[in-house]
Amino acid sequence: MKPEYFVQEDSIVRKIWGRADTILLIFAGASAEFALNKAVDWLYFTGKLPSDPLGRLFSTVEYARVIVFSELDVANRSIDKISMIHAAVEHARGSKIPEWAYRDVLFMLIDYSIRSYELIVRKMSLSEKQETFDVFNRVGKRMGLIGLPENYVSFLKMRDEHLLNDLDHTEFSRDLFMQYKKHLGSVRYRVLLEGQKLLVPARVRILMSFSNVNYLAPSIPCYKLLCKVKLDSIVKAALFPPRYKERIYKLDVL
């Protein structure tokens with residue numbers, strides 16, 4: 001009997017999350033928006049994100065990839081574990097993470113999955129975008145979230161509303177970007193900012209005071225060429241400190 005997976009084997013979501021470059025871009029964009037979210041103080045409660053933002057990135061990727069590439073029961077257990085971790089943090093703090101903050105995280109995964117794939121691979125069809133939405137929406141439903149959109153078109157409207165209402169540039173935002181710079185180094189941090197400028201929505205660009213000049217954009221065609229000749233791993237390895245090289249290589253599963 002053929003096993004049942006949370007995400008079908010031929011799904012566009014597996015193509016997106018089976019590439020190191022698209023995954024790194026997803027988290028480049030999300031790292032900017034995370035810093036601006038009005039609920040970012042929750043990420044500071046345990047101290048894990050500001051103390052080790054790169055390690056936190058890879059641990060988050062591991063959870064996401066279990067969901068995307070595992071059989072249904074294994075994926076569901078991973079989602080349930082995520083819910084339990086958040087519940088423990090809520091219990092320790094004595095308050096609930098806002099429902100809209102949970103939705104924001106799901107919305108980032110949907111939006112940046114699409115934006116990243118379209119930036120370095122190709123444009124996605126409406127059905128592929130709907131499929132991407134469906135996968136992460138099922139994650140949200142498994143977590144028991146309420147107020148989720150019914151389809152991709154509804155998601156776009158709600159996403160715009162969340163971007164307008166749930167973001168602000170605060171002391172947490174400034175500190176988190178300082179931590180990014182501390183852990184990446186000045187050169188890699190500059191690359192991160194340029195990558196974020198390629199990906200983030202207009203609302204995030206405004207709050208981050210990003211300029212309209214992007215020094216990374218002209219290199220995208222060159223990178224696509226490197227992918228064709230199998231030399232893209234050199235670029236990906238250079239984006240992080242050397243100790244993360246092996247973990248980056250393992251992100252390529254296609």
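Above this note sits the structure.
Remember, it's a predicted structure, so these values are computed and weren't measured experimentally.

Helix and strand content of the protein: 15 helices and zero strands. Taken over the C-alpha trace, the protein has a radius of gyration of 18 Å; the compact-globule value for 254 residues is 18 Å, and the two agree within 12%. By its C-alpha atoms, the protein is 50 × 45 × 35 Å across when sized along the principal axes. Looking at the protein as a whole, 49% of its 254 residues qualify as buried. Sequence-distant contacts, at least 24 apart, represent 73% of the contacts inside the protein between residues at least 6 apart. A total of about 13,000 Å² of accessible surface is found on the protein, and carbon and sulfur atoms cover 59% of it. Between the averaged position of the 38 positive side-chain charges in the protein and that of its 30 negative side-chain charges there is a distance of 5 Å.

Let us now look at a nonpolar patch on the surface. A surface patch of nonpolar side chains, amounting to about 440 Å² of accessible area, comprises Leu225, Val229, Leu231, Ile234 and Val235. Within the element layout of this structure, isoleucine 234 appears in helix α14 (residues 232-238). Isoleucine 234 gets classed as exposed once you look at its relative accessible area, which sits at 57%.

What follows concerns the nonpolar core. Membership of the largest hydrophobic core comes to 78 residues, with the highest contact counts inside it found for Phe6, Val13, Trp17, Tyr112, Phe177, Val204 and Phe240. The dominant element in this core, judged by the number of residues it contributes, is helix α7 (residues 99-120), at twelve residues. Setting aside chain neighbours within four positions, we find valine 13 in contact with Val7, Val68, Glu131, Thr132, Val135 and Phe136.

Moving on to the packing of α7 against helix α9 (residues 152-165). Where α7 contacts α9, the axes come no closer than 10 Å and their chain directions differ by 115 degrees. For the crossing formed where α7 meets α9, the hand is left-handed. On α9, the residues touching Trp100, Arg103, Asp104, Phe107, Met108, Ile110, Asp111, Tyr112 and Ile114 of α7 are Tyr152, Phe155, Met158, Arg159 and His162. Of the residues in the contact of α7 with α9, the class split is nine nonpolar, one polar and four charged.

So, how was this worked out
- Residues numbered from 1 in each chain as written.
- Predicted model: local features only at pLDDT ≥ 70, side-chain atom pairs only at ≥ 80, totals over all residues.
- Heavy atoms only, no water.
- Helix = DSSP H or I, 4+ residues; strand = E, 2+ residues; numbered from the N terminus.
- Rg over C-alpha atoms; globule rule 2.2 N^0.38 Å.
- Buried < 20%, exposed > 50% of the residue type's maximum accessible area, 1.4 Å probe, protein only.
- Contact = heavy atoms within 4.5 Å.
- Areas by Shrake-Rupley, 256 points an atom, 1.4 Å probe, with all protein chains shown as cover.
- Lys, Arg positive; Asp, Glu negative; His and termini not counted.
- Charge placed at Lys NZ, Arg CZ, Asp CG, Glu CD.
- Patch = residues over 30% accessible without salt bridge, like charges linked within 9 Å, V, L, I, M, F, W, Y side chains within 5 Å.
- Salt bridge = Lys/Arg side-chain N within 4 Å of Asp/Glu carboxyl O.
- Core = buried A, V, L, I, M, F, W, Y, C linked by side-chain atoms within 4.5 Å.
- Axes fitted to C-alpha atoms, helices over the stretch in contact; angles between N-to-C directions.
- Left-handed = near helix turned anticlockwise from the far one by under 90°.
- Nonpolar A, V, L, I, M, F, W, Y, C, P; charged D, E, K, R; others polar.

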